[in-house]
Amino acid sequence: MGDAGNEPKKPTLLSQRYVAIGAMLLVGVALSLVSFFLLRSWERDRAQGEFRERAAVRAAALGRAADRGIEVVASIRGLFDASIEVERHEFAAFTRSALAAHPEIEALEWIPRVPQKQISAYVAAARADGHDAFQITEQDPSGLLVPASNRPEYFPVFFVEPLKRNEVALGFDLGSDALRRRALEEARDTGKPTATAPVRIVQETEGQLSFLVFVPVYEKLKPLDSVEQRRWHLQGFAIGVFRVNELVEASFQGQRPGPMSLRFYDTTDRDNELLMYAFEPDSGPMSGLVTGEGRANPRSGSQWETVLAVGERRWALVFEPIGGSNGWVPWLPWAVLAAGFALIGVAGTYGYGLVSRTAQVEQLVVQRTEALEASNRKLRESESSTRAVLMSMTEGLAVFTQDGRVLWWNDAVAMLTGLPEREAVGRHIDDVMRMKAPDLENSEALSVLRGTLLEGVEAKDPLYITILRPERRELSVRVFHIDLGSGHVLPGVVIRDITGEREMDRRKDAFVSVASHELRTPMTAILGFTELLLKREVAPERRQAWLQEVYQESRRLTTIVDDLLNVSRIHSGKLQLRREQVSVAHVVEAVVGTFKPTTDQHQFIAAVSGDVPAVWADRDKVGQVLMNLLGNAIKYSPQGGKVSVAARHDPERRRVVVSVADEGIGIAPDDQQDLFTSFHRIRPPETDGIRGTGLGLYIVKALVELMQGEVWVESEPGKGSTFYFTLPTDYDEFGGGG
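S.K.: I'd love a proper account of the overall build of the protein, names of residues and values included.
M.R.: Across its full length, the protein holds 19 helices and 25 strands. The 738 residues of the protein split such that 46% are buried. When contacts within the protein are restricted to residue pairs at least 6 apart in sequence, those whose partners lie at least 24 apart make up 65%. A total accessible area of about 37600 Å² is found for the protein, and carbon and sulfur atoms account for 53% of it.

Here it is as structure tokens:
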């Protein structure tokens, strides 16, 4: 027999209970801390999101103001294109309403191309208009205006409105300044509106910065397909002069950006970024700064930056929160933490008191044990409820051990990664990353995430990762650390699925772009021409040309508005279909007959098989689909050619297949992937000069699918395109009931 005194001492029932209570208190502390850090992270993300949303609104407003101004300058080209010769008083009348509606525009100017041999004629014409001191000038090194040196050609300011505060600029040769000349030559060669880097204009008296926008005007009815042709047929430039301060104030409607600073730079030349504007909430009115100042160091890591494209130049806008406008920690996380600790304190006091009394009063052991078990049961139920809440969160939540192994994660993480909790718990973070590496992008962000988790590196901002499977999602990952005391720290992550937010941002940006570019351009031209027609008598041929411009721009405006309304009805589910039997042959004949008178460059061929039965569809919607497809076929085959419409019966699928083919520019494979999405346009140079909203094919797809059909395209660049769509021949396929 062994020595009984050498047997290990078994833990007593009392010590086991103390250990159990301590473990429960530790779990309670951990859950309270997790809840605290999670809520604080949510609040910080919300505050940062609000700041970035405010900054994005300000940036979009500034971009729209710049685009509106450039559109006004571009409308002047329409005046010269529609007129045999534009006189000084006509230019003043055309620009008056635009200047009144756009205070950010300092001046609108006409800059003709003047060969050296024609200088005398232009000087005489200007003086005959009442400008007796007119001469062609340039700036000397000290900035004074002096007579221009001899050059083969000049680009002097010939018309300027308003004249009162800009008369000193009359006659100034913009080709004499290297900076202005670079923008002028780029606009001439590309045919696009082009802006200068920040400059000080010759009429500036307050030291503010400005920029100029050049819009080239070419001789009418001349070929402009090459750079050489555009240089040869250049007539001059319409120019807009913009003060940076007035542009910012107009975009913000006189309001300051709020509790944030704003600095924006011209970053077109990455080796020489120029500060154009700065605003600090506590430094008084907005003011321009000296050009040439470089980037300022951020005061915090919370700044937000975006880039605007303005007249072929890049502006970088940098917003930074000031004071307590970002990183605000509300009382809610602290209240939750305090409540959790209070509950833990109550439970701990009760449990330890119960165990102590059990030791003193042996006769009440059973009764007190039952009470303690009831208390433990409630605590476990509370823990289970908390776990159920955390498991059901839409955000992913994962906690790791100090050595990097998965301690716990919820269902949202399992759904995003495709890895259930039971398979993940106990695995090292490196094993998990290796398993999911083929399904992830942003390897650099993954490296930062690992360092933040295992090495305790500070990460103020969330990391952004794209996961490809089970389905492509964009994720925001924020790391937190739970300090349990005595050097015991548990790292964890909160994962948010921001795919919908990113897609909403892209759709919002696309909608703002369409509204600002496509709607304002025809409105500007309509207002300019109607004002001229109302205020002065003109020759019949000129009146007819102007009225034709107004009519074309009005039709374009109506088409844009109709497309936007159709998209709105589709998104809201309010688009109604009328169920009826439709003869495809009759609809094709009617639509083709509508388009034939509109073009003499295209040959229309309608081929509907004799065995094509009637389809169950909405006659008007079928016509709208064909109108959009035929309109695109004509628009994207500018050199003319055949446009064929065909229909055949597919009895196996109980469908009629309709096709529209052209011999136009075709569509590249990369563009075909997104062709039927909203606001998608085929990339230039093939589509330069072809107007559109990017909504036509999106509406076609929506209408065809509402009628239980399919739509697709077959195309090859340079060889034309064929669009197909199907319609059901059976009543039940269309949707049955009413």
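S.K.: Give a detailed account of the pattern of salt bridges, specifying residues and quantitative values.
M.R.: All chains considered together, the criterion is met by 20 salt bridges. Between Glu106 and Arg165 there is a salt bridge, with the nearest N and O atoms lying 3.2 Å from each other. Of the two residues, Glu106 sits in strand 1 (residues 105-112) while Arg165 sits in the loop between strand 6 (159-161) and helix 4 (178-190), which places them 59 residues apart along the sequence. A salt bridge links Arg243 to Glu246; the nearest nitrogen and oxygen atoms lie 3.9 Å apart.

S.K.: Before we move on, could you go through the side chain of His131 and cite the residues and values that matter?
M.R.: Positionally, His131 belongs in the loop between helix 3 (119-128) and strand 3 (137-139). Residue His131 is classed as buried on the basis of its relative accessible area, which comes to 10%. Ignoring sequence-local partners within four residues, the contact set of His131 consists of Arg88, Ala126, Leu163, Glu167 and Leu170.

S.K.: Could you give me a rundown of the environment of Arg542, with the residues and numbers involved?
M.R.: Relative to the elements of secondary structure, Arg542 occurs in helix 14 (residues 540-572). In the structure, Arg542 is positioned 460 residues away from Ala82 in sequence and 7.5 Å away in space, judged by C-alpha atoms. Reaching out from Arg542, the side chain makes a polar contact with the side chain of Glu90 at a distance of 2.6 Å.

S.K.: Can you lay out the sheet that holds strand 24 (residues 711-715) for me, pointing to particular residues and giving the numbers?
M.R.: Pairing within the open sheet is mixed, and its five strands lie in the order 20-22-23-25-24. Of all strands in the sheet, those with a lone pairing partner are strand 20 (602-608) and strand 24, marking the two edges. Taken over all neighbouring pairs, the strand axes of this sheet differ in orientation by 15° on average, direction set aside. Bridge analysis of strand 20 against strand 22 (residues 641-650) gives seven bridges, and the strand direction is parallel. Each residue of the ladder has a partner; that of Ile605, found in strand 22, is Ser644.

Scoring rules and cut-offs
Residues numbered from 1 in each chain as written. Predicted model: local features only at pLDDT ≥ 70, side-chain atom pairs only at ≥ 80, totals over all residues. Heavy atoms only, no water. Helix = DSSP H or I, 4+ residues; strand = E, 2+ residues; numbered from the N terminus. Buried < 20%, exposed > 50% of the residue type's maximum accessible area, 1.4 Å probe, protein only. Contact = heavy atoms within 4.5 Å. Areas by Shrake-Rupley, 256 points an atom, 1.4 Å probe, with all protein chains shown as cover. Salt bridge = Lys/Arg side-chain N within 4 Å of Asp/Glu carboxyl O. Polar contact = N/O pair within 3.5 Å; in protein donor to acceptor, adjacent residues only side chain to side chain. Pairing = 2+ DSSP bridges. Axes fitted to C-alpha atoms, helices over the stretch in contact; angles between N-to-C directions.

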